[in-house]
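# Analysis of the macromolecular model
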Amino acid sequence: MVDKSDVYQGQQITLTYRVYTRVDILQNQLNKMPDLTGFWAEEVRSNQPAQFKIDTYKGQRYNVADLRRVVLFPEHSGNITIEPFSMQFIARVQSAPRDFMDQFFGNNVQEVNYMAKSLPVVIHVKPLPATGKPPGFAGAVGNFSIQASVDKTHLKANEPINYKVRISGAGNLKLLKDLNPIFPADFEKYDPKLTDSINITNKGLTGYRDYTYVVIPRRKGDFTIQPLNFSYFNPATKKYVTLQIKAFNVKVEKGLADENVASLAADDAEIDKPLDKDIHFIKTGDAGLKKRGEAFLGPPIFICYCY
């Protein structure tokens, strides 16, 4: 079964593999799981074995167990079919008594092999609306919040800054792309480190993802890390939402490397003088050296349901 069959592209769905039975099951074996092509899938892990409970289906009472759950995110619009899954069972069932003794002593049972197969499920996936789509929208679908921080705003040149952005909420967190924050031209930027704290539950993916960018200002001055916009589509409201985090002002003082460069530049007049009587600058030009005797030549150039 699925918790919804009419969704938007990227909207999370919970798929449950469920068995209904009115007989005693002695053994079971999964024969085939459906192909989930067209979805990004993440299984809900459980340390507990499947437990049967009593439930009603079409007016009949059954023993019901949920075998497995998977969180799905449709990757494209259109109708996507989840193929059937099948299981092989050995069950104990009642048989017609051969005589009075069988009926009296309860010997009218037998073990049978039975293969059960679910019906296919069609998921109707709508494209994300074009109307109102913000510039820079990168496919986030769900309900999110955002916050950012820097570990320092006053430092020296060539010292690193850790700029961290956290996106929290429920939705396709594991499919989020790089945020592309804008740093000053004099800041050297490295690829972000991603840190996930995401729970996969029966209700989908919840938690947060951290993006940590290391940036290094290379000269002194007053700089601004520009505000960052993050947009997502909320399928509950059927609207796009744009969140913005504030700018950060950074004051960079002269660093040690800058001082060394300045002192070397101030001594340019001395650059052609010998450092010592035993150490001289490298002579430039053609030295006219060759190996004695030869010229140098260079190198060539039961009821199973999945609905």
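The following paragraphs examine the structure supplied in this document. The structure displayed is predicted, hence computed values, not measured ones.

### What to know about unusual backbone geometry
Of note in this structure, asparagine 158 is not a glycine but carries a positive phi near 75 degrees. Summarising the element assignment, asparagine 158 is placed in the loop between β12 (154-156) and β13 (161-171). In this structure asparagine 158 comes out as partly exposed when scored by relative accessible area, which is 27%. Of note, lysine 238 is a non-glycine position whose phi angle comes to about 60 degrees, a positive value. Relative to the helices and strands, lysine 238 is located in the loop between β18 (228-234) and β19 (239-245).

### Quick look at the sheet that holds strand β17 (residues 221-225)
Paired through their backbone hydrogen bonds, the strands of a sheet run either parallel or antiparallel. Ordered by their spatial adjacency, 3 strands build an open sheet running β12-β20-β17, and the pairing between neighbours is mixed. Each end of this open sheet is capped by a strand with a single partner; those strands are β12 and β17. With strand direction ignored, the average angle separating the axes of adjacent strands in the sheet is 30 degrees. Both β17 and strand β20 (residues 248-253) contribute to a ladder of 5 bridges, which runs antiparallel.

### Describing the packing of aromatic side chains
Using the criterion set out here, one finds 16 aromatic pairs in the structure. The interplanar angle of 80 degrees and the centroid separation of 5.2 Å between the aromatic rings of phenylalanine 137 and tyrosine 240 together place this pair among those described as edge-to-face. Of the two residues, phenylalanine 137 sits in the loop between β10 (121-126) and β11 (142-150) while tyrosine 240 sits in strand β19, which places them 103 residues apart along the sequence. With respect to burial, phenylalanine 137 and tyrosine 240 carry one shared label: buried. Ring centres 5.2 Å apart and planes at 65 degrees place the aromatic pair phenylalanine 187 and phenylalanine 223 in the edge-to-face group. One end of the pair, phenylalanine 187, is in strand β14 (residues 187-189); the other, phenylalanine 223, is in strand β17, and 36 residues separate them in sequence. We classify phenylalanine 187 as buried; its relative accessible area is 7%.

### Observations concerning the nonpolar core
Tyr163, Ile167, Leu179, Phe187, Ile225 and Phe230 are the most contacted members of the largest nonpolar core, which has 32 residues in total. Not counting residues within four places of it along the chain, the set of residues in contact with isoleucine 225 comprises Val150, Tyr163, Ile182, Phe183, Pro184, Phe187, Ala247, Phe248 and Val250. Judged by nonpolar contacts, the second largest core, of 19 residues, contains Val7, Val70, Phe85 and Phe89.

Quick notes on the rules
Residues numbered from 1 in each chain as written. Predicted model: local features only at pLDDT ≥ 70, side-chain atom pairs only at ≥ 80, totals over all residues. Heavy atoms only, no water. Helix = DSSP H or I, 4+ residues; strand = E, 2+ residues; numbered from the N terminus. Buried < 20%, exposed > 50% of the residue type's maximum accessible area, 1.4 Å probe, protein only. Pairing = 2+ DSSP bridges. Axes fitted to C-alpha atoms, helices over the stretch in contact; angles between N-to-C directions. Phe/Tyr/Trp six-rings, centres within 6.5 Å; stacked < 30°, edge-to-face > 60°. Core = buried A, V, L, I, M, F, W, Y, C linked by side-chain atoms within 4.5 Å. Contact = heavy atoms within 4.5 Å.

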